[in-house]
Amino acid sequence: MLVPWTLVLAALACPVPALCGPAPSPAESFHGPLDLTHPLNALAQNWPGARGFNFTLRVAQAEPWADNGWVAFNEFCMAEHLGTHIDAPYHFNETGWKLHEIPLERLIAPGVLIDASVAAAANRDLFLGVDALEEWEAQHGRVAEASVVLLRFGWADKYADRRAYFGVPTEDRASNDTEHLSFPSLSPELARALAERRVAGVGVDTPSVDPGKAGDHAPLAHRALAAVNAFNLENLDLRTTALPPKGFTLIVLPAKIEDGTGGPVRVVAVPGSRPWP
């Protein structure tokens, strides 16, 4: 069905439960917007060695200069690649788009969901192969150009537990331990196959599209996708089971950071097709 886009934009502009509340229960069908974003707070997962989310309450009080009305504002500081975030192609492609250069039509795009959670549950160091893509296409048709392909590994359930999520032996968010990383990822072959289909982007519910296994964190998937100006979405919240394999649109709106290599992003799925071809 065609989404009434004036309603979608209105929903994005205000905090309604469908966008800001917890993930829908498995029994809930997909009728409205789904938020696929983890909140930014002190628990937001940062890459080892990178700055976490630092939030400072500056003012939250009645002020005489505001006729004793309520005034509140805060400050925050964070790494670009923190929590649910986007990797601009420039992150691994010197001539790729920087964050502010990614065209809007690639940020409001047809969505695809490939569920690899069963395989990831059996092997936390899974390198998802091309066969997963081929199996999906055998059922649903070839992935369309300019789609955003989401890969669900079932890792969003672990997001609050740093040891389970990254595979590291400590909850210390200041640790730069990258030798014990362990989480599922794309194989280089799968990344190249998606690049050949000219996807707009790829999203995962893990810390990275590339492997975390010790000694294997060569950014081959990042490079293959960035070479065709595809972006990555990492640390997505894909706990919902309401999202279908296809037939939805993703709204991917990062802050418009000039020259950014990435940044925080709100990712929302809505039923149906976007209002242009």
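Residues numbered from 1 in each chain as written. Predicted model: local features only at pLDDT ≥ 70, side-chain atom pairs only at ≥ 80, totals over all residues. Heavy atoms only, no water.

(A) Region of interest: the overall build of the protein chain. Helix and strand counts for the protein chain stand at eight helices and twelve strands. Residue burial in the protein chain is summarised as follows: out of 277 residues, 50% are buried. Look at the contacts in the protein chain between residues 6 or more apart in sequence, and 74% of them connect residues 24 or more apart. Approximately 13,200 Å² of the protein chain is accessible, and the part contributed by carbon and sulfur atoms is 55%. (Helix = DSSP H or I, 4+ residues; strand = E, 2+ residues; numbered from the N terminus. Buried < 20%, exposed > 50% of the residue type's maximum accessible area, 1.4 Å probe, protein only. Contact = heavy atoms within 4.5 Å. Areas by Shrake-Rupley, 256 points an atom, 1.4 Å probe, with all protein chains shown as cover.)

(B) Fine view of the pattern of salt bridges. Applying the stated criterion to the full structure yields seven salt bridges. The partner of R266 in a salt bridge is D35, with the nearest N and O atoms 2.9 Å apart. Residue R266 is found in strand 12 (residues 262-271), and its partner D35 is found in strand 1 (residues 34-35); the two are separated by 231 residues along the sequence. For R266, a relative accessible area of 35% gives the class partly exposed. (Salt bridge = Lys/Arg side-chain N within 4 Å of Asp/Glu carboxyl O.)

(C) Quick look at the environment of A119. Along the chain, the position of A119 falls in helix 4 (residues 117-122). Exposure remark for A119: the relative accessible area of 35% places this residue in the partly exposed category. For the pair A119 and P184, spaced 65 residues apart in the sequence, the C-alpha separation amounts to 9.3 Å.

(D) Geometry of helix 5 (residues 130-140). Within the sequence span of helix 5, burial applies to A132, L133, W136 and E137. All buried residues of helix 5 project into a common sector of 130 degrees when viewed along the axis, lining one side. Exposed residues pointing more than 90 degrees away from the buried face of helix 5 are listed as E135, A138 and Q139. The elements touched by buried residues of helix 5 are strand 5 (108-115), strand 6 (127-128) and helix 7 (188-196). Positive backbone phi, approximately 95 degrees, marks G141, located one or two places after helix 5. (Arc of directions from axis to C-beta.)

(E) Quick look at the environment of G49. Structurally, G49 can be placed in the loop between strand 1 and strand 2 (54-63). Sequence spacing of G49 and T178 is 129 residues, and the spatial spacing of their C-alpha atoms is 8.7 Å. When residues no more than four places from it in sequence are discounted, the contact partners of G49 are S175 and N176.

(F) Seen up close, the pairing of strand 7 (residues 148-152). Counting buried residues in strand 7 gives five out of five residues, a clear majority hidden from the surface. Examined bridge by bridge, strand 5 and strand 7 share five bridges and lie parallel to one another. Bridge assignment links V112 to a residue of strand 7, and that residue is V149. Relative to strand 9 (residues 201-204), strand 7 is paired through four bridges, and the arrangement is parallel. Considered in strand 9, the bridge of V148 is made with G201. (Pairing = 2+ DSSP bridges.)

Function cannot be inferred from these measures alone, as they are strictly geometric.
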